[in-house]
Amino acid sequence: MQKKKRTLVILILGLLSALGPFSIDLYLPGFPEIARDLNTTTGEVALSLSSYFIGVSIGQMIYGPLLDRFGRRTPLLIGLFIYLFTSIYIVYITSVDSLILVRFIQALGGCAGMVAARALVRDLFPVSEIAKIFSLLMLVIAVSPIVAPTLGGFATAYWGWHSIFIILAMLAAINIILVYFWLPLGAPPDTSMSLKPKSISSKFWNVFKTPQFYTYTLTGAFAASGLYTYIAGSPHVFMELYGVSEKQYGWIFGIIAMGLVIASQVNTFLLRKYNSQKIVKVTLICQVIAGALLFFGTVFNLVDMYTMIVLVFLFLSTQGFAFPNTSALSLAPFEKNAGTASALMGALQLGIGALITALVSVLSNDTPLPMTGIMFLCALTSLSMLYWGNRKIKNLEEVVVS
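Residues numbered from 1 in each chain as written. Predicted model: local features only at pLDDT ≥ 70, side-chain atom pairs only at ≥ 80, totals over all residues. Heavy atoms only, no water.

When its secondary structure is counted, the protein shows 15 helices and zero strands. Here the C-alpha atoms of the protein give a radius of gyration of 20 Å, agreeing with the 21 Å that 2.2 N^0.38 yields for 402 residues. The principal-axis extent of the C-alpha atoms belonging to the protein is close to 55 × 45 × 45 Å. When each of the 402 residues of the protein is scored for burial, the buried share is 59%. For the protein, contacts bridging at least 24 residues in sequence account for 86% of all contacts bridging at least 6. As displayed, the protein offers around 16300 Å² of accessible surface, 68% of which is attributable to carbon and sulfur atoms. (Helix = DSSP H or I, 4+ residues; strand = E, 2+ residues; numbered from the N terminus. Rg over C-alpha atoms; globule rule 2.2 N^0.38 Å. Buried < 20%, exposed > 50% of the residue type's maximum accessible area, 1.4 Å probe, protein only. Contact = heavy atoms within 4.5 Å. Areas by Shrake-Rupley, 256 points an atom, 1.4 Å probe, with all protein chains shown as cover.)

With that settled, consider a nonpolar patch on the surface. Taken together, the side chains of Leu8, Leu11, Ile177, Tyr180, Phe181 and Trp182 make up a nonpolar region of the molecular surface, amounting to roughly 630 Å² of accessible area. Only helix 1 (3-25) and helix 7 (162-182) provide two or more residues apiece to the nonpolar patch. Among the structural elements, Tyr180 can be located in helix 7. Classification of Tyr180 by relative accessible area gives partly exposed; the value is 49%. (Patch = residues over 30% accessible without salt bridge, like charges linked within 9 Å, V, L, I, M, F, W, Y side chains within 5 Å. Salt bridge = Lys/Arg side-chain N within 4 Å of Asp/Glu carboxyl O.)

Right, let's talk about the packing of helix 1 against helix 3 (residues 42-70) for a bit. Where helix 1 contacts helix 3, the two axes come as close as 10 Å, and the packing angle between them is 165 degrees. Taken together, the axes of helix 1 and helix 3 are roughly antiparallel relative to one another. For the pair helix 1 and helix 3, the crossing hand works out as right-handed. For the pair formed by helix 1 and helix 3, the contact residues are Leu19, Gly20, Ser23 and Ile24 on the first element and Leu49, Tyr52 and Phe53 on the second. A class-by-class count of the residues in the contact of helix 1 with helix 3 yields five nonpolar, two polar and no charged. (Axes fitted to C-alpha atoms, helices over the stretch in contact; angles between N-to-C directions. Parallel < 35°, antiparallel > 145°, perpendicular 65-115°, else oblique. Left-handed = near helix turned anticlockwise from the far one by under 90°. Nonpolar A, V, L, I, M, F, W, Y, C, P; charged D, E, K, R; others polar.)

Summing up the model confidence of the protein, the mean pLDDT is 86 and the portion of residues at 70 or higher is 96%. The least confident element of the protein is helix 6 (residues 130-159), whose mean pLDDT is 78; the most confident is helix 4 (residues 73-90), at 95. (pLDDT = per-residue confidence, 0-100.)

With that settled, consider helix 12 (residues 305-317). Over its 13 residues, helix 12 runs 18 Å from end to end, which matches the ideal 18 Å to within 8%, given 1.5 Å per residue. Burial in helix 12 covers these residues: Met305, Met308, Ile309, Leu311, Val312, Phe315, Leu316 and Ser317. On its buried face, helix 12 sits against helix 9 (211-241), helix 10 (246-270), helix 11 (276-299), helix 13 (319-331) and helix 15 (369-390). (Expected span 1.5 Å × (residues − 1).)

Taking 1.5 Å per residue as the helical rise, helix 4 with its 18 residues ought to reach 26 Å, and the 26 Å between its terminal C-alpha atoms agrees with that figure. The complete set of buried residues in helix 4 reads Pro75, Leu76, Leu77, Gly79, Leu80, Tyr83, Leu84, Thr86, Ser87 and Ile90. Check the buried side of helix 4 and you find it contacts helix 1, helix 3, helix 5 (96-124) and helix 7.

Scanning all chains against the criterion turns up 18 aromatic pairs. A ring pair is formed by Tyr180 and Phe181, whose centres lie 5.0 Å apart and whose planes are at 80 degrees; its orientation type is edge-to-face. Where Tyr214 meets Trp388, the ring centres are 5.8 Å apart and the plane angle is 35 degrees; that geometry is what we call tilted. Of the two residues, Tyr214 is situated in helix 9 and Trp388 in helix 15; the sequence distance between them amounts to 174 residues. Here Tyr214 falls in the buried class, since its relative accessible area comes to 13%. Here the aromatic residues Tyr27, Phe31, Trp161 and Phe165 are joined through ring pairs into a cluster of three or more. Across from the ring centre of Phe70, 4.9 Å away, lies the NZ or CZ of Arg69, which sits over that ring. (Phe/Tyr/Trp six-rings, centres within 6.5 Å; stacked < 30°, edge-to-face > 60°. Lys NZ or Arg CZ within 6 Å of the ring centre and 35° of its normal.)

In this section: the side chain of Ser23. Mapped onto the elements, Ser23 comes out in helix 1. Of the residues examined, Ser23 reaches a relative accessible area of 0% and is grouped as buried. Here the side chain of Ser23 touches Leu19 through a polar contact of 2.6 Å, landing on its backbone oxygen. Setting aside residues no more than four positions away along its own chain, Ser23 makes contact with Tyr52, Tyr83, Arg103 and Leu168. (Polar contact = N/O pair within 3.5 Å; in protein donor to acceptor, adjacent residues only side chain to side chain.)

Put simply, the largest pocket is a space of about 230 Å³. Thr42, Ala232, Gly233, His236 and Ser364 are the residues nearest the centre of the largest pocket, which is lined by 18 residues in total. Looking at the lining of the largest pocket, the elements that each hand over two or more residues are helix 2 (31-37), helix 3, helix 9, helix 14 (338-363) and helix 15. Per element, the largest residue contribution to the lining of the largest pocket is seven residues, and it comes from helix 9. Looking at the lining of the largest pocket residue by residue, the class counts come to ten nonpolar, seven polar and one charged. (1 Å grid on protein atoms, 1.4 Å probe; cavity = no way out; pocket = protein on both sides within 12 Å on 5 of 7 lines; lining within 4 Å. Points joined across faces, edges and corners; volume = space filled by probe spheres on them.)

Before going further, it helps to examine the nonpolar core. One finds Leu13, Leu183, Tyr230, Ile231 and Phe238 to be the most contacted residues of the largest nonpolar core, which totals 129 residues. For this core, the leading source of residues is helix 9, giving 15 residues. Excluding anything up to four places from it in sequence, Phe238 contacts Tyr230, Gly243, Val244, Tyr249, Ile252, Met305, Met308 and Ile309. (Core = buried A, V, L, I, M, F, W, Y, C linked by side-chain atoms within 4.5 Å.)

Excluding glycine, a negative phi dihedral is what most residues carry, and trans is how most peptide bonds are arranged. Backbone geometry at Asn39 places phi at a positive 55 degrees, although glycine is not the residue there. Mapped onto the secondary structure, Asn39 falls in the loop between helix 2 and helix 3. Classification of Asn39 by relative accessible area gives exposed; the value is 70%. Backbone geometry places Asn301, a non-glycine residue, at a positive phi of 55 degrees. Mapped onto the elements of the fold, Asn301 is located in the loop between helix 11 and helix 12.

What follows is the structure in structure tokens.
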């Protein structure tokens, strides 16, 4: 692949992957206004975040087999059109129940980009480069938490929360154009693949029971759930407990997200010297330490707003190392059925994330403890999964190395 084309392909894959995070981060500053407009609470509005995660989790299980059976482009475009139309529809809703439902349907469309992007990385690049490509995608994805809340804060302040979903519709339209005209097709359709439920279930099971897959997928899922916990809990913590405005929240969210950008790019340099397994291990130990400081600092009232920002920055920076390496290690064994493996990995990660973000809403009170406690628990669980799973991996020949 020529350098210019390679750069363009990585950019398109990054934009497809970023559509999901943008769908989350852009509307976070609008939670209080959405709650007021729909005569509900921010906790109820946060359930639309959980429904989005559930939709993404279920949708990925649908798109995985379709991407392998019919090729990458057609299912991807169908999903993007679903996302486009539901984004427009949300502008006209009048109740929080409708928001929760339509966000679920929106997620069913938007997740096509996430699954297809990961599968195309496995299609278009050699195994030895997958972790590095995921790090580059992380650079594009990480722009979302920096730009989206700030943009969402300004859009909410000047044009109302409905404008957020007009922006998302425009992003979907841009992705459709880029996919149709410039994205390579990837692996050819597998016409021999059956779409019968029994056959699909068997393929998912064959992927899941691979020790390397379930070890690094579950490790990455719980590590990412710490990030999702912060996303779900931070509007309440910063805007309601610490009293910052929508604009200030956007800036805080963006500053914290810089840790993801920096870490993901440092990861590309570390991969020149260390393998992905070693990076993941050290990363998760650091995440547990940051999570412990955050949680116990909150328990003993040692954390003010600025300390909270610093500790969350350190905690989330670890995700810039965890995401690309656990993703690469999960998908490495699957030269065939990359779409199915990508779908199952994403479904497990977002499914666990959905349950945990719902737990944040249920436990919400007038303290930061639900957020910080669950973040710490996610970090501990992720590290435990890594040590447990590595005992099950007997053959490390397929593990990605730099």
